[in-house]
Amino acid sequence: MKTRIITLFFLLALLPVQAQTTWGDAFNRFKIEARADGELFTTDSTPQFGFHGKYFNLKLGGELGGGFSYYFMQRLVANPGTVMFFDNTDFLYLDYKPTANWRLRFGKDAMAMGGFEYDAAPIDVYFPTTLWNSIYCFQLGLSGAYISDDGNHTLVAQVTNSPYINSNGWNYDAGLVSYNLCWYGNVGHWHTIWSSSMIEREWSKFMNLTMIGNKFTFEKWDIYIDFMHHALAINDWGKNFGVVSCANYYFTPDFNIFVKGMFEQNKSEVDLNSAVALDHLLLAGHTYVRYGLGFEWYPKGMKNVRLHTYACRMQEWDVSNTMTEDCWNFNIGATWSVDYYQLFKK
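Residues numbered from 1 in each chain as written. Predicted model: local features only at pLDDT ≥ 70, side-chain atom pairs only at ≥ 80, totals over all residues. Heavy atoms only, no water.

How should the overall build of the protein be read in this particular structure?
Summing up its helical and strand segments, the protein has 8 helices and 16 strands in all. What you see for the protein is a C-alpha radius of gyration of 21 Å, in line with the 20 Å of a compact globule of 346 residues. Overall, the C-alpha framework of the protein stretches about 65 × 55 × 45 Å when taken along its three principal axes. Residues counted as buried form 45% of the 346 residues belonging to the protein. Within the protein, residue pairs in contact and separated by at least 24 positions form 54% of the contacts whose partners lie at least 6 positions apart. Total accessible area on the protein stands at roughly 18000 Å², and carbon and sulfur atoms take up 63% of it. Charged side chains of the protein number 26 positive and 33 negative; the gap between the two group centres comes to 6 Å. (Helix = DSSP H or I, 4+ residues; strand = E, 2+ residues; numbered from the N terminus. Rg over C-alpha atoms; globule rule 2.2 N^0.38 Å. Buried < 20%, exposed > 50% of the residue type's maximum accessible area, 1.4 Å probe, protein only. Contact = heavy atoms within 4.5 Å. Areas by Shrake-Rupley, 256 points an atom, 1.4 Å probe, with all protein chains shown as cover. Lys, Arg positive; Asp, Glu negative; His and termini not counted. Charge placed at Lys NZ, Arg CZ, Asp CG, Glu CD.)

Written out as structure tokens, the structure reads:
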């Protein structure tokens, strides 16, 4: 069934090719990528360890002519979809750019939210925050963007399905939406991804999720600091938040060391006084701490092969302030890709 769907997508994408663009334009992105990790978790009982595949992605994209373009990324997994066949598709959208300053987009896309950890491709993220792991960020929706003349600032307004549809196991027609506003900025060495979202969790009841991401880049090093805040009600401010930061030092273009740390908490009295979990990002009353370091290496300068390793300490406290987790995660892995477009181009 999935093979037929992908084939149909190819055919639809090619409809305008003959009249408006070339074969090379219609497929200017064609790539597969994969990542596999070996992991060890030290626990009070029996240690957990083994090797597993993390990601296997197919990426396609191209120009359709007349200001239209498309992008498609399929996460190839063995599990069937639950809501519809787009479940395992991270991206499948149509772009329309009538001018250099304006862009409209319809289809499956990442929710327009801030933070550099959130904005990174999942295949490039190591020991992420609990929020990153919990939110169903790829949703069907519609967005509009304004791009400044110099290209350094982009303002995105977006309406998508609410991620509560996924976390509650509802169908797409549950009628819940998320309203997202996001600013991507570049000011010299300073880069920003700031956003505020109103995520509908029940009919006319919302969670506010504010994400403020700042990144500073220099020749040999960079660092980002993301602040995340979510509130279930007007009087719920200041109780649910998280901070995550990651710094990289580049000894060479092919070798870097990174240090990453995070703190998250959910002290919502609204959630604690409810019979069901209203905040699906963090467990009510819980606190999470993670920190660690590692390195990335591209052997012999090959950008299609990346090796990594890291060590991370993971801690968690429950509603009674009792530590429920305290372990180390040791990881070694490899990421590789094949860029078929570049091969065909050569």
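What follows continues from the structure just given.
Mind showing me how you'd approach empty space enclosed by the protein here?
A water-sized probe, rolled over the atoms, reveals where empty space remains. Following the criterion strictly, the structure yields 3 cavities of 30 Å³ or more and no others. What the largest cavity holds in volume is close to 80 Å³. Lining the largest cavity are Ser134, Ile135, Tyr136, Pro163, Tyr164, Ser167, Ile199, Met207, His280 and Leu281. Here the lining of the largest cavity is built from residues that sort into 7 nonpolar, 3 polar and no charged. For the second largest cavity, the calculated volume is near 40 Å³. When residues of the lining of the second largest cavity are traced back to their parent elements, those giving at least two are α4 (116-119), α5 (130-134) and β11 (221-231). Taken together, the residues of the lining of the second largest cavity break down into 5 nonpolar, 1 polar and 2 charged. (1 Å grid on protein atoms, 1.4 Å probe; cavity = no way out; pocket = protein on both sides within 12 Å on 5 of 7 lines; lining within 4 Å. Points joined across faces, edges and corners; volume = space filled by probe spheres on them. Nonpolar A, V, L, I, M, F, W, Y, C, P; charged D, E, K, R; others polar.)

Help me out: how do you make sense of the nonpolar core in this one?
Soluble globular proteins tend to bury their nonpolar side chains together. Counting 40 residues, the largest nonpolar core has Phe91, Met113, Tyr118, Phe127, Ile135, Leu209 and Met211 as its most contacted members. In this structure, Phe91 is in contact with Tyr71, Phe72, Met73, Lys108, Asp109, Ala110 and Phe138, ignoring residues within four places of it in sequence. (Core = buried A, V, L, I, M, F, W, Y, C linked by side-chain atoms within 4.5 Å.)

Would you mind showing me how to read the pattern of salt bridges here?
Any two side chains of opposite charge can pair, so long as their charged atoms come close to each other. The full count for this structure, using the stated rule, is 13 salt bridges. Between Glu202 and Lys205 there is a salt bridge, with the nearest N and O atoms lying 4.0 Å from each other. Assessed through its relative accessible area of 42%, Lys205 is described here as partly exposed. The shortest N-O distance in the salt bridge between Asp326 and Arg313 comes to 3.1 Å. Highlighted residues: Asp326 in strand β16 (residues 323-339) and Arg313 in strand β15 (residues 305-317), separated in sequence by 13 residues. A relative accessible area of 33% places Asp326 in the partly exposed class. Beyond isolated ion pairs, a larger network of salt bridges with shared partners links Asp95, Arg105 and Asp109. (Salt bridge = Lys/Arg side-chain N within 4 Å of Asp/Glu carboxyl O.)

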